[in-house]
Amino acid sequence: QVQLVESGGGLVQPGGSLRLSCAASGRTFSSYAMGWFRQAPGKERRFVAAISRSGGNTYYTDSVKGRFGISRDNAKNTVYLQMNMLKPEDTAVYFCAATGRTYSGSYPVGGMDYWGKGTLVTVSS
């Protein structure tokens, strides 16, 4: 069992930056690939970024490439999402998720084993 708790969301102006954190419980954090997903109001949850167990491979949805960076610290059981050059369309609840499976590219929502409760990011002037 893995419990995930996101933090770092908030209100930011367009062009600004935020860093989201996701703290995981348990001793097996390094056994899971980690992903970030987001859900805008009235829309389905979508993949944003993912990182492999070792951190050696990262994947991003096209709309955030060059602006967002995912990283992890296995010693701290934490995964991060650095978000730069934020746009109003990035406004959403951001969820952290863990999977014991191996994927390449976009991670499927249905393929994740554990989810956090989410943190709200609002990009507005």
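Here the structure is shown first, and the text comes after it.
Now for a description of the structure that goes with this document.

### Some words on the environment of Arg27
Here is step 1 of the chain: Along the chain, Arg27 falls in the loop between β3 (18–24) and β4 (33–39).
Here is step 2 of the chain: With 51 residues separating them along the chain, Arg27 and Thr78 place their C-alpha atoms 12 Å apart.

### A few points about the state of the cysteines
Linking two cysteines covalently via their sulfur atoms produces the bond known as a disulfide.
Here is step 1 of the chain: In total, this model carries one disulfide according to the counting rule given.
Here is step 2 of the chain: Covalent S-S linkage joins Cys22 and Cys96, the inter-sulfur distance amounting to 2.1 Å. In this structure, the disulfide formed by Cys22 and Cys96 twists by about -75° around the S-S bond and is classed as left-handed. Here the residue Cys22 occupies a position in strand β3, and Cys96 occupies one in strand β9 (residues 92–99), the gap between them amounting to 74 residues.

### Describing the packing of aromatic side chains
Here is step 1 of the chain: Enumeration according to the criterion identifies seven aromatic pairs in this entry.
Here is step 2 of the chain: Aromatic pair Phe95 and Trp115: ring centres 6.4 Å apart, planes at 80°, arrangement edge-to-face. With Phe95 in strand β9 and Trp115 in strand β10 (residues 114–115), this residue pair connects regions lying 20 residues apart in the sequence.
Here is step 3 of the chain: Judged by centre distance (5.3 Å) and plane angle (55°), the ring pair of Tyr103 and Tyr107 falls under tilted.
Here is step 4 of the chain: By relative accessible area, Tyr103 is classed as partly exposed at 22%.
Here is step 5 of the chain: Since its relative accessible area comes to 2%, Tyr107 is described here as buried.

### A look at the pattern of salt bridges
Note on pairing: side chains with opposite charge can pair once their charged atoms come close.
Here is step 1 of the chain: Counted under the stated rule, the structure contains five salt bridges.
Here is step 2 of the chain: The shortest N-O distance in the salt bridge between Asp90 and Arg38 comes to 2.9 Å. Placement of the pair is Asp90 in the loop between β8 (78–83) and β9 and Arg38 in strand β4, with a sequence separation of 52 residues. Neither Asp90 nor Arg38 differs from the other in exposure class; each is buried.
Here is step 3 of the chain: What you see here is one network of salt bridges that share partners, running through Arg38, Arg67 and Asp90.

Rules used in this analysis
- Residues numbered from 1 in each chain as written.
- Predicted model: local features only at pLDDT ≥ 70, side-chain atom pairs only at ≥ 80, totals over all residues.
- Heavy atoms only, no water.
- Helix = DSSP H or I, 4+ residues; strand = E, 2+ residues; numbered from the N terminus.
- Disulfide = S-S within 2.5 Å.
- Phe/Tyr/Trp six-rings, centres within 6.5 Å; stacked < 30°, edge-to-face > 60°.
- Buried < 20%, exposed > 50% of the residue type's maximum accessible area, 1.4 Å probe, protein only.
- Salt bridge = Lys/Arg side-chain N within 4 Å of Asp/Glu carboxyl O.

Take it as geometry only, folks, not as evidence of what the structure does.
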